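One letter stands for each residue in the lines below.
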Amino acid sequence: MIPIDIITGFLGAGKTTFLKNILLKGVFAEEKVVLIENEYGQVNMDARFLEGVGIPIYEITKGCLCCSLKTDFITTLKEILESVKPDRILVEPSGIFVTESFKEMLQDSSLREDYRINSITSVLDVTLFDGRFLPYEGFLSNGVRHAGQILLSKCDLADDGMLQNARAFINRHNSHAAVYDSAAVLAEEGQCRALFARGGKADPNTCACGCSGGHGHSHDHSSHDPFVTVSLDLDGSLGEKEFETWMEGVASGAFGDIIRMKGYIRIQGKTHEIQYQHNRYTCVPKQDAVERHQVVAIGKHIRREWLAGIDG
Ligand SMILES: Nc1nc2c(ncn2[C@@H]2O[C@H](COP(=O)(O)OP(=O)(O)OP(=O)(O)O)[C@@H](O)[C@H]2O)c(=O)[nH]1
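Owing to the predicted nature of the structure, the values given are computational and were not obtained by experimental measurement.

**What about the pairing of strand β10 (residues 257-267)?**
Step number 1: The buried count for β10 comes to nine of 11 residues, which makes it a mostly enclosed element.
Step number 2: Examined bridge by bridge, strand β9 (residues 237-238) and β10 share two bridges and lie parallel to one another. Opposite S237, over in β10, you have R266 as the bridge partner.
Step number 3: With helix α9 (residues 240-252) bridging β9 and the parallel β10, this β-α-β connection has right-handed handedness.
Step number 4: For β10 and strand β13 (residues 294-300), the ladder comprises six bridges, and the chain directions are antiparallel. By the bridge assignment, K262 is partnered in β13 with V296.

**A few points about unusual backbone geometry**
Step number 1: In this structure, Q268 is a non-glycine residue whose phi angle is positive, near 50 degrees.
Step number 2: Residues other than glycine seldom take positive phi values, yet H301 does so here, at roughly 50 degrees.
Step number 3: The exposure class assigned to H301 is exposed, which follows from its relative accessible area of 67%.

**A closer look at the UniProt feature "domain: CobW C-terminal" (unreviewed entry) in the protein**
Step number 1: Mapped onto the present numbering, the UniProt feature "domain: CobW C-terminal" (unreviewed entry) falls on residues 228-307.
Step number 2: When the span residues 228-307 is considered, its composition is 21% helix and 50% strand, and the gap between its end C-alpha atoms is 14 Å.

**Remarks on the domain arrangement of the protein**
How big an interface is tends to be expressed through the accessible area that disappears when the partners come together.
Step number 1: Looking at the assigned domains, one finds that the protein contains domain 1 (2-221) and domain 2 (226-311).
Step number 2: Taken residue by residue, the interface counts 21 residues in domain 1 and 20 residues in domain 2.
Step number 3: Summed over both sides, the interface of domain 1 with domain 2 buries roughly 1,800 Å², with 60% coming from carbon and sulfur.
Step number 4: When residues of domain 1 are sorted by the area they lose upon contact with domain 2, L11, R48 and F49 head the list and together hold 31% of the total.
Step number 5: Applying the counting criterion to the domain 1 and domain 2 interface returns one salt bridge.
Step number 6: With a closest N to O distance of 3.1 Å, D46 and K262 form a salt bridge.
Step number 7: Linking domain 1 to domain 2 there are five residue pairs in polar contact (both at pLDDT 80 or more).
Step number 8: Partitioned by chemical class, the residues of the side of domain 1 that touches domain 2 number 11 nonpolar, four polar and six charged.

**Remarks on the site of the ligand**
Step number 1: Neighbouring residues of the ligand: 20 residues in total, closest K15, T16, T17, R260 and K262.
Step number 2: Contact distances for the ligand include 2.9 Å between an oxygen atom and a backbone N or O atom of G14.
Step number 3: Within the side chain of K262, a nitrogen or oxygen atom sits 2.5 Å from an oxygen atom of the ligand.
Step number 4: Spatially, the ligand is embedded in the largest pocket.
Step number 5: Going through the elements one at a time, α1 (15-24), β10 and β11 (270-277) are the ones with two or more residues in the shell around the ligand.
Step number 6: It is α1 that contributes the most residues to the shell around the ligand, three residues altogether.

**Some thoughts on the packing of aromatic side chains**
Step number 1: Under the defined criterion, the tally for this structure stands at eight aromatic pairs.
Step number 2: Between the aromatic rings of F28 and F196, the centroid separation amounts to 5.2 Å while the plane-to-plane angle is 70 degrees, which identifies the pairing as edge-to-face. Taken as a pair, F28 in the loop between α1 and β2 (33-38) and F196 in helix α8 (residues 189-198) lie far apart in primary sequence, 168 residues in all. The same class applies to F28 as to F196, namely buried.
Step number 3: Members of the aromatic cluster, joined through ring pairs, are F10, Y136, F139 and F227.
Step number 4: Between K300 and the ring centre of F227, over which it is positioned, the NZ or CZ distance is 5.8 Å.

**Concerning α1**
Step number 1: Taken residue by residue, α1 has K15, T16, F18, L19, I22 and L23 as its buried positions. Within α1, the buried residues cover an arc of 160 degrees as seen down the axis, which keeps them to one side. Of the exposed residues in α1, those oriented more than 90 degrees away from the buried face are T17 and L24.
Step number 2: Within two residues after α1, G26 carries a phi angle of roughly 80 degrees, on the positive side.

**So, the confidence of the model for the protein**
Step number 1: Looking at the protein, pLDDT values average 84 and 86% of them are 70 or higher.
Step number 2: Predicted confidence in the protein is weakest over helix α4 (residues 99-105), with a mean pLDDT of 75, and strongest over strand β6 (residues 149-153), with 96.
Step number 3: Of the regions scoring below 50 in pLDDT, residues 200-223 engages in 38 contacts with residues more than four places distant in sequence or in other chains.
Step number 4: We note a pTM of 0.88 for the whole complex and an ipTM of 0.99 for its interfaces.

**Observations regarding the environment of I89**
Step number 1: Looking at the secondary structure, you find I89 in strand β4 (residues 88-92).
Step number 2: Setting aside its immediate chain neighbours within four residues, I89 contacts I2, P3, I4, D5, V34, I36, L77, I80 and Y115.

About the criteria used
- Residues numbered from 1 in each chain as written.
- Predicted model: local features only at pLDDT ≥ 70, side-chain atom pairs only at ≥ 80, totals over all residues.
- Heavy atoms only, no water.
- Buried < 20%, exposed > 50% of the residue type's maximum accessible area, 1.4 Å probe, protein only.
- Helix = DSSP H or I, 4+ residues; strand = E, 2+ residues; numbered from the N terminus.
- Pairing = 2+ DSSP bridges.
- Right-handed = clockwise from strand over helix to strand, strands pointing away.
- UniProt positions renumbered as here; feature names shortened; annotations may be inferred.
- Domains from an automatic or database assignment.
- Contact = heavy atoms within 4.5 Å.
- Buried area = accessible area lost by both parts, 1.4 Å probe.
- Salt bridge = Lys/Arg side-chain N within 4 Å of Asp/Glu carboxyl O.
- Polar contact = N/O pair within 3.5 Å; in protein donor to acceptor, adjacent residues only side chain to side chain.
- Nonpolar A, V, L, I, M, F, W, Y, C, P; charged D, E, K, R; others polar.
- Near = heavy atom within 4 Å.
- 1 Å grid on protein atoms, 1.4 Å probe; cavity = no way out; pocket = protein on both sides within 12 Å on 5 of 7 lines; lining within 4 Å.
- Sits in = over half its atoms within 2 Å of the grid points.
- Phe/Tyr/Trp six-rings, centres within 6.5 Å; stacked < 30°, edge-to-face > 60°.
- Lys NZ or Arg CZ within 6 Å of the ring centre and 35° of its normal.
- Arc of directions from axis to C-beta.
- pLDDT = per-residue confidence, 0-100.

Here it is as structure tokens:
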């Protein structure tokens, strides 16, 4: 059976960053590995950020693997089996993924003989634990509850209070998971390998409700509904001040409740990678040329025209 390793976590938690690092380190160099990237929006930015990691990437966009895209996912897994026959599949689901349905999906008669979940790793952004996590508690607890192992990301930006709150939250929802600082794991190749070898401490076949998978009962996906995604092609180039004002607008809620934004943008004629999540952003010059200058925003009540005003 082909092992599937799932890297889950809320929007902007650090899943792609972690995956990119382990792939560039060659942690799976001896294996034939493929990655399935699932983006909630129409454009798969993460697959673009992961260009050059040296493994095939299958993209599934415009929805969430665990609900609207079940059929796409099943088809993709069948295709991978026929064409690549990998030793391992890594899956990065969208940041608003619900684990239960994914497990049910793997019980599909066309898959269950060929695939098994090897590990579920949840990446948890500890900086949210300054009180900002409350609106997303359901997503965070779902990720934590099902994980065999939890990687605390952004510890470099966190204070002791955030770390304590994050650990207390984990204990409330999953006292069995092994918990690591993601940066410490990345610092040691052996640690990275161990993460995927042992598949975590929790039993990946057990559902949060205590039953085992394949039982056919339903789980609620209505929590996905409030999120919308907006993608913008940005052909122009911004001045630095103009860019800062735009980002202030994003962070202040002037363009709607934007939780996450990412993409490529030209500032003073130079391409930059922009990453925004939960009121914090980075904007880093990119050396290689990009095909399109485009950003994707995810959140609620996004005022597309106002956000796009930047390029007007
Ligand atoms: N300072 C710091 N930044 C981090 C860390 N991990 C991730 N980031 C940053 O957080 C931002 C979001 O990281 P991603 O890896 O894209 O997050 P993601 O979970 O893939 O996000 P989605 O694609 O929205 O699901 C990026 O700017 C990363 O560079 C960390 O440990 N420390």
